[in-house]
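# Breakdown of the fold
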Amino acid sequence: MVRLKTRYILFEVILSPHIINIDENEDHINTVHFTKHNILLSHHRPCPKEISNKTLLQEIRHSLQLNFGDYGSGKVGSLLQFKYFSNNTSTGIIRCHREDVDTLVAALTLINKIGEINDVIINPVKVSGTIKKIEQYSIRRSSKLISLLNKSRKQQKLKVNLINDFTKIEADIEENV
């Protein structure tokens, strides 16, 4: 008896950050201040409720059909199965056949729209043979992200405190002169 060999793909859904604000009254563009903390938060935010297992699976099948035709769609879609997806973390796990990993990863990266939501990037993060290793990797990755956010938040608070101290010193100097 032949055993089906599968692979698990950990992926994340990255929504486009709203970086540029356009004033309707004026003809110029205002850009938002970039900090490491703001960039990390804008890329790793929760998905809207419109994105679910069903809509993601439909978009993956559509991408397979569009980019790889009937043969690619039928070959990859035969063992394609969602194992996990969370809107809060914007991460999910897909199971597929071992031979179809490259095709599925390519189809994931070619998706740029999910339902009515435009400018979406699906980033395949890791491929593994067991779901346990994918889960462990996802936990390690999330804890690293949280520590980076905490570190950047502390640095941002330190910068704000330094700026406030310097403005107080400048004000004291101006009063004494």
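The structure we're discussing is the one just above.
If you're wondering where the values come from, they're calculated on a predicted model, not measured in any experiment.

Definitions and limits used
Residues numbered from 1 in each chain as written. Predicted model: local features only at pLDDT ≥ 70, side-chain atom pairs only at ≥ 80, totals over all residues. Heavy atoms only, no water. Buried < 20%, exposed > 50% of the residue type's maximum accessible area, 1.4 Å probe, protein only. Helix = DSSP H or I, 4+ residues; strand = E, 2+ residues; numbered from the N terminus. Pairing = 2+ DSSP bridges. Axes fitted to C-alpha atoms, helices over the stretch in contact; angles between N-to-C directions. Contact = heavy atoms within 4.5 Å.

This part is about the pairing of strand 1 (residues 6-15). By the criterion of burial, strand 1 is predominantly enclosed, with nine of the ten residues buried. Judged from the seven bridges that link them, strand 1 and strand 5 (residues 91-97) form a sheet pairing that is antiparallel. Pairing of Thr6 across the sheet is with His97, part of strand 5. Note that strand 1 and strand 8 (residues 120-128) share eight bridges and pair antiparallel. Looking at the pairing, Val13 lines up with Ile122 of strand 8.

It is worth spelling out the sheet that holds strand 1 at this point. An order of 4-5-1-8 is seen for the four strands of this open sheet, with the pairing classed as antiparallel. Edge positions in the sheet fall to strand 4 (81-86) and strand 8, since each of these pairs with one other strand and no more. Between one strand and the next, the sheet's axes are offset by a mean angle of 25°, whatever the strand orientation. Looking at chain direction, strand 4 and strand 5 are connected through five bridges and run antiparallel. Following the sheet pairing, Tyr84 is matched in strand 5 by Ile93. On top of the sheet, helix 2 (residues 53-77) reaches strand 1, strand 4, strand 5 and strand 8; it is set at about 130° to strand 4, its chief contact. Where helix 3 (residues 101-109) meets the sheet, it contacts strand 1, strand 5 and strand 8, and its direction lies at approximately 155° from that of strand 8.

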